[in-house]
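Listed below are the residues making up each chain.
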Amino acid sequence: MAKQQDNFKQVIAHAKEYGYIFSSSEIYDGLSAVYDYGQNGAELKKNIKEYWWKSMVQLHDNIVGLDAAILMHPTTWKASGHVDAFNDPLIDNKDSKKRYRADVLVEDYAEKINQKAQKEIAKARKRFGDKFDEEEFVNTNPRVIRYKKEEKEILERLAKSLTNEDLADVKALIEELGIACPESGSKNWTDVKQFNLMFGTKLGASADSATDLYLRPETAQGIFVNFANVQKTGRMKIPFGIAQIGKAFRNEIVARQFIFRQREFEQMEMQFFVRPGEELTWFEKWKETRQKWHESLGLGKENYRFHDHEKMAHYANAATDIEFNFPFGFKELEGIHSRTDFDLKAHEKHSGKKLQFFDPEMNKNYVPYVIETSIGLDRMFLAVFSSSLQEEELEGGTTRTVLKLPAILAPYKAAILPLVKKDGLPEIAQELLDDLKWDFNVTYDEKDAVGRRYRRQDAAGTPFCITIDHDTKEDKQVTVRNRDTMEQKRIPMAEVKAMLAKEVDFRTWMDK
Ligand code: ATP
């Protein structure tokens, strides 16, 4: 746990030092759970968005994009259920005055029990080596069976009391489990209360006539209210999807996990409209498609797991989270939900407008069912960044810090380095840079010894360094150094562009 916290601190410090993420309005001591993306962070974020957009919109003939406004008619949030039900159960510790999400306290407790089971499994794996049959072990080892049972019972009870809005039972559960305030160790809790997460604001100048509005807490509703507009003007046929990337706002109760849980964040969402009755088949298809998307980035299969929901949101008939192994453990990165016809029907009811599709094959109108894939852009950023940051032992007992970002997402694809700041080498380097910058984001660095510059680019996440030396003047060749392998090879300067193109081309990357 202490090591985890150290790693996490290192991630946060590195993100700041290399211009990825700053606290918002830092000169005024920051704003809680709000962050700014720096010069490198803005590039990485843009590249993640593009990778998602190309995979979801450009590569799917039946998915189109949308860019809806953040402010929406207030009835939207009545219809969607957010006014009445977008709450988190909160609990205060009377001694430390710290506020927590009651469900998260219980979930963290259950996760600790799961970790005990995982420890037993890991020990057995080590003991039995190749002969280890995990499934058999999990089903027969009395300790693991007990831990798993305990974890399941806790989560089921939590799900039941939340579904029944039985907040007294959530408190009772916290007390029965003896959960203490992580800060103070005190078990002196208040009752559990519901807290609405939407940020309110006003439209209009005078206090009397102003209308109450909300900053959207999710981008999805912008898609639903535009269902008929897009379907008609785009002549879309079921099944089809509408994708959107945009800001969302939530007044989170507890937000102390860096960009994982912010009050202002971005979502990349896609709502896929299908025939009623076919939704669960599409749900499975989208689970698989999204899993492949994640795996295509090469962050390590072992860093992902699916978590099927015990407690379903009021609108869903199937739901799963794709969880990622963040520096603080496995947590939700993306949600995939079968939202039924809940949203479109609710908007039909509140607006009085028809949100239906005439299916020529079935010769009838219906309200489509919806599969949603919803991923937090900032959480994806954290997943990519934290899993890429590594401390490597080198020969000779030295270490290097390297940010092994997938090349396709890296802010700069290459750094151009003249070996020395004289003898015409900077001019050649500048010429190469001026040529490459039309196709790639590239950077230039001439300060310090070349070895130090390599280290700097390693830590900043630049996948290639291209060095111009005295021989370049004669043989027109440059040295290309690979960030991950540290291998160096000489190639003709004229081939640099093609080399980089191959490394970061979307199609080649996806084919791999
Ligand atoms: P959590 O349980 O962690 O609060 P959620 O289930 O409320 O998340 P959804 O409403 O399903 O999240 O939102 C879809 C995605 O948006 C999440 O998978 C997550 O990646 C992202 N997201 C949600 N809340 C935040 C936040 N406060 N900060 C950053 N990203 C968020």
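Criteria and cut-off values
- Residues numbered from 1 in each chain as written.
- Predicted model: local features only at pLDDT ≥ 70, side-chain atom pairs only at ≥ 80, totals over all residues.
- Heavy atoms only, no water.
- Domains from an automatic or database assignment.
- Pairing = 2+ DSSP bridges.
- Helix = DSSP H or I, 4+ residues; strand = E, 2+ residues; numbered from the N terminus.
- Axes fitted to C-alpha atoms, helices over the stretch in contact; angles between N-to-C directions.
- Contact = heavy atoms within 4.5 Å.
- Buried < 20%, exposed > 50% of the residue type's maximum accessible area, 1.4 Å probe, protein only.
- Polar contact = N/O pair within 3.5 Å; in protein donor to acceptor, adjacent residues only side chain to side chain.
- Expected span 1.5 Å × (residues − 1).
- Near = heavy atom within 4 Å.
- Areas by Shrake-Rupley, 256 points an atom, 1.4 Å probe, with all protein chains shown as cover.

What follows concerns the domain arrangement of the protein. The assigned domain composition of the protein is domain 1 (1-77 + 197-389), domain 2 (87-194) and domain 3 (412-510). The gap between the C-alpha centroids of domain 2 and domain 3 is 50 Å.

Before going further, it helps to examine the sheet that holds strand β6 (residues 193-196). Strand order in the open sheet made by the three strands is β5-β4-β6, with antiparallel pairing throughout. Lying at the two open borders of the sheet, with one neighbouring strand each, are β5 (99-101) and β6. Taken over all neighbouring pairs, the strand axes of this sheet differ in orientation by 45 degrees on average, direction set aside. Relative to β6, strand β4 (residues 87-92) is paired through four bridges, and the arrangement is antiparallel. Each bridged residue has a counterpart across the sheet, and for Asn87 the counterpart in β6 is Asn196. Along the sheet, helix α5 (residues 102-128) contacts β4 and β5; its crossing angle with β5, the most-contacted strand, is approximately 70 degrees.

Here the focus is the side chain of Arg261. By secondary structure assignment, the location of Arg261 is in the loop between β9 (240-249) and β10 (264-274). For Arg261, a relative accessible area of 15% corresponds to the buried category. Separated by 3.4 Å, the side chains of Arg261 and Glu252 make a polar contact.

Once that is clear, we can look at helix α13 (residues 377-388). Relative to the 16 Å expected for twelve residues at 1.5 Å per residue, α13 spans 16 Å between its end C-alpha atoms, a close match to the ideal helical length. Counting buried positions over the twelve residues of α13 gives eleven, a clear majority of the element. Inspection of α13 places Leu377, Asp378, Arg379, Met380, Phe381, Leu382, Ala383, Val384, Phe385, Ser386 and Ser388 among the buried residues, and these make up the whole buried set.

Glancing now at the site of the ligand. In the vicinity of the ligand there are 16 residues, among which Glu252, Arg261, Gln262, Glu332 and Leu333 approach most closely. Within the backbone of Gly376, a nitrogen or oxygen atom sits 2.9 Å from an oxygen atom of the ligand. Taking Arg379, its side chain carries an N or O atom lying 3.1 Å from an oxygen atom of the ligand. Expressed as a share of its isolated accessible area of 590 Å², the protein-covered part of the ligand is 86%. Secondary-structure elements contributing two or more residues to the shell around the ligand are β10, β13 (329-340) and β16 (369-376). Tallying contributions element by element places β13 first for the shell around the ligand, with five residues.

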